[in-house]
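Residue-level structure breakdown
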Amino acid sequence: MLSMGCLFWFNPENDIALASGSPGFTPPKNAAELGLRGAMLPWWLGGEDDFVLVAEDELSASRAFAAELSAVFGPGPGVVSSAKGVGRAVPMPWVWSPYALRKFERVDAEVTPADRERVGRLRWLSHRRITIELNRRLRDAGLGEFPPLPVEVTDTSEIGRLAEEWGTIYVKTPWSSTGRGVACSADTPVAELARRCEGTIRRQGSVLVEKGLDKVEDFAMLFRSDGTEVRFGGYSLFFNARGASYGGNLLLPDDEIERRLSRYVPRELLCCVASALAAALTELVAADYRGWFGVDMMVCADGRGGYMLAPCVELNLRFTMGVVAHRLVSRLGEGSKYSRLLVAPASAASEGALWLVPRNDSYFIGLV
């Protein structure tokens, strides 16, 4: 997907690793299991010049699975358990962090001092406070009416004040994603929310507070950075399982997603926001990040019988399941019988489902 071959590594646990900032981070058991069982997922992102990194004891089975996929869907990345013999393949984790750097060093991938400096900066660019800056820039561009800016809070007394002002609020930890680290005052009393935040503020320095919105649609704009410039790359339409926890993606082409969204907000607004975000992200992140990433958004009811765009709910400076869905729509082509990409317990795999990773008893990552 880039001019030089890539060495992909699926490390979904890395969102948690960002909070610690430690290369010696030990992932929780369930996160490590998802990473192990989903290791072959980047196969769908790469091409013949790329490689996917898997555990040594999974190598034989993963290569057999890759051969099955290639026979049906065409050639894809090679599968390796070490960077030896892959030439100068560029390390390409699902998420960058000091933890990811150590992983690549351990498998003999080429990691430079510049990589270490860039990863240090990426940790701070992945802090949720960047949504304040991006939302401010979009507001200053005069593109339309948007929800109130998020507020970074270091004193828990502010949580009660914001709840009084806004009603329902969401409280988010600085480093987390995919629905983790998010709590809502509709589910938890404000006093309890504030008490829980004391520990987060002590460990991570702050929390982010956002006004609760009357959500109609969850979606994301996808972007791609080449290290110099960020360009808009398409859309992702997703849905949640429980609360704010990711459930899956609809497999729809960009023009269909845009058509659905334009029932609520003008296409022109979507195009202007995409252009403004690409310019802002070029300035803020392009020099330190290469690859695909996503900006989560919402369409919400405005309380006056109309709709409003929330243009930057979260910046996911990493690969996302939306990127995978976007690539799959192109790869499967028109007429595909599959309509949804799911990440769920293995029991959710129905008859006729397409497993994107080898079958296992823990996690289904596939299409239905």
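For the structure itself, look to the data block above.
Report on the accompanying structure. Remember, it's a predicted structure, so these values are computed and weren't measured experimentally. Per-chain numbering applies: the sequence of each chain, read as written, is numbered from 1 onward. Only residues with pLDDT of at least 70 get local features here, since the model is predicted, and only at 80 or more are side-chain atom pairs given and counted; chain-wide, interface and lining totals rely on the full set of residues. The basis for every side-chain value is the complete set of heavy atoms in the structure, and neither hydrogens nor water enter the calculation.

1. Quick notes on the overall build of the chain
The line we're drawing: Under the DSSP-based scheme used, a helix requires at least four consecutive residues in state H or I and a strand at least two consecutive residues in state E, with every element numbered from the N terminus. The globule rule is 2.2 Å times the number of residues to the power 0.38, and the radius of gyration it is compared with is taken over C-alpha atoms. Only protein chains enter the area calculation, which uses a 1.4 Å probe; residues under 20% of their type maximum are buried, those over 50% are exposed, and those in between are partly exposed. The contact criterion used is simple: two residues touch if any of their non-hydrogen atoms lie within 4.5 Å. We get accessible surface area from the Shrake-Rupley algorithm with a probe of 1.4 Å; when it comes to residues, only the shown protein chains can shield them.
Scanning the chain from N- to C-terminus turns up 11 helices and 16 strands. Compactness check: the chain gives a C-alpha radius of gyration of 20 Å against a globular reference of 21 Å for 368 residues, within 12% of the reference. Looking at the chain as a whole, 52% of its 368 residues are labelled buried. Sequence separation of at least 24 residues holds for 68% of the intrachain contacts in the chain that already meet a minimum separation of 6. Within the structure as shown, the chain displays about 16300 Å² of accessible surface, and the carbon and sulfur contribution to it stands at 48%.

2. A word on the nonpolar core
The following threshold applies: Joining through side-chain atoms within 4.5 Å is the link that ties buried Ala, Val, Leu, Ile, Met, Phe, Trp, Tyr and Cys residues into a set, and such a set is a nonpolar core.
Counting 53 residues, the largest nonpolar core has Phe-219 and Leu-281 as its most contacted members. When neighbours within four sequence positions are excluded, Phe-219 is seen to be in contact with Tyr-235, Ser-236, Leu-237, Phe-238, Leu-261, Leu-270, Val-295, Asp-296, Met-297, Met-298, Val-299 and Leu-309. Among the nonpolar cores identified, the runner-up in size contains 47 residues, and Cys-6, Val-52, Phe-238 and Leu-328 belong to it.

3. Notes on helix 8 (residues 190–204)
Quick reminder of the rule: Helix span is expected to be 1.5 Å times the residue number reduced by one. Here the bend at a residue is taken as the angle between two axes, fitted respectively to the seven residues that end there and the seven that start there.
Between the first and last C-alpha of helix 8 there are 20 Å, a value that for 15 residues agrees with the 21 Å anticipated at 1.5 Å per step. Maximal helix bending in helix 8 amounts to about 25°, located at Cys-197. Of the residues making up helix 8, those classed as buried are Leu-193, Ala-194, Cys-197, Gly-199, Thr-200, Ile-201 and Gln-204. Of the residues trailing helix 8, Gly-205 is marked for its positive phi of about 95°.

4. Points about unusual backbone geometry
Its identity is not glycine, yet Asp-108 carries a phi of approximately 70°, on the positive side. Structurally, Asp-108 can be placed in the loop between helix 4 (98–106) and helix 5 (113–125). Judged by its relative accessible area of 45%, Asp-108 falls in the partly exposed class.

5. Looking at the sheet that holds strand 4 (residues 90–93)
The line we're drawing: Pairing between strands is defined by DSSP: at least two bridges between them are needed. Axis definition: a line fitted to C-alpha atoms, limited for helices to the stretch in contact. Angles are taken between N-to-C directions and run from 0 to 180 degrees.
Across the sheet, which stays open at both edges, the four strands sit in the order 3-2-1-4 with parallel pairing between neighbours. The open sheet terminates on both sides in strands that have one partner only, identified here as strand 3 (78–80) and strand 4. Neighbour-to-neighbour, the strand axes of the sheet open up by a mean angle of 30°, direction not taken into account. Together, strand 1 (6–9), strand 2 (51–53) and strand 4 form the strand contacts of helix 4, whose direction differs from that of strand 1 by roughly 120°.

6. With respect to the packing of helix 9 (residues 254–261) against helix 10 (residues 267–284)
To be explicit about the condition: Note on angle classes: values under 35 degrees are labelled roughly parallel, values over 145 roughly antiparallel, values of 65 to 115 roughly perpendicular, and the remainder oblique. Note on convention: near helix rotated counterclockwise from far helix by under a right angle means a left-handed crossing. Clockwise means right-handed. The nonpolar class holds Ala, Val, Leu, Ile, Met, Phe, Trp, Tyr, Cys and Pro. Asp, Glu, Lys and Arg form the charged class, and all remaining residues, Gly among them, are polar.
Their axes nearest at 9 Å, the elements helix 9 and helix 10 cross at an angle of 120°. In terms of orientation, helix 9 lies oblique with respect to helix 10. At the point where helix 9 passes helix 10, the crossing takes the right-handed sense. Residues Glu-258, Arg-259 and Leu-261 of helix 9 form the contact with helix 10, whose own contacting residues are Arg-267, Leu-270 and Cys-271. In the contact of helix 9 with helix 10, the residues fall into three nonpolar, no polar and three charged.

7. Things to note about the packing of aromatic side chains
So the rule is basically this: Aromatic rings from Phe, Tyr and Trp, with only the six-membered ring used for Trp, were paired whenever their centres fell within 6.5 Å, and each pair was classed as stacked if the ring planes differed by under 30 degrees, edge-to-face if by over 60, and tilted otherwise. Here, over-ring charges are defined by two tests on the NZ atom of lysine or the CZ atom of arginine: distance to the ring centre within 6 Å, and angle to the ring normal within 35 degrees.
Taken as a whole, this structure holds 16 aromatic pairs when the rule is applied. Ring geometry for Trp-9 against Phe-104: centres 6.0 Å apart, planes inclined by 85°, an arrangement best described as edge-to-face. Of this pair, Trp-9 sits in strand 1 while Phe-104 sits in helix 4, and the two are 95 residues apart along the sequence. Assessed through its relative accessible area of 0%, Phe-104 is described here as buried. Taken together, a centroid distance of 6.5 Å and an interplanar angle of 50° make the contact between Phe-219 and Tyr-235 tilted. Highlighted residues: Phe-219 in strand 9 (residues 214–226) and Tyr-235 in strand 10 (residues 230–240), separated in sequence by 16 residues. Neither Phe-219 nor Tyr-235 differs from the other in exposure class; each is buried. The rings of Phe-219, Phe-223, Phe-232, Tyr-235, Tyr-289 and Phe-293 are connected pair by pair, giving a single aromatic cluster. Lying across the ring of Trp-124, Arg-123 places its NZ or CZ 5.2 Å from the centre. Above the face of the Trp-175 ring, Arg-123 is positioned so that its terminal group lies 3.9 Å from the ring centre.

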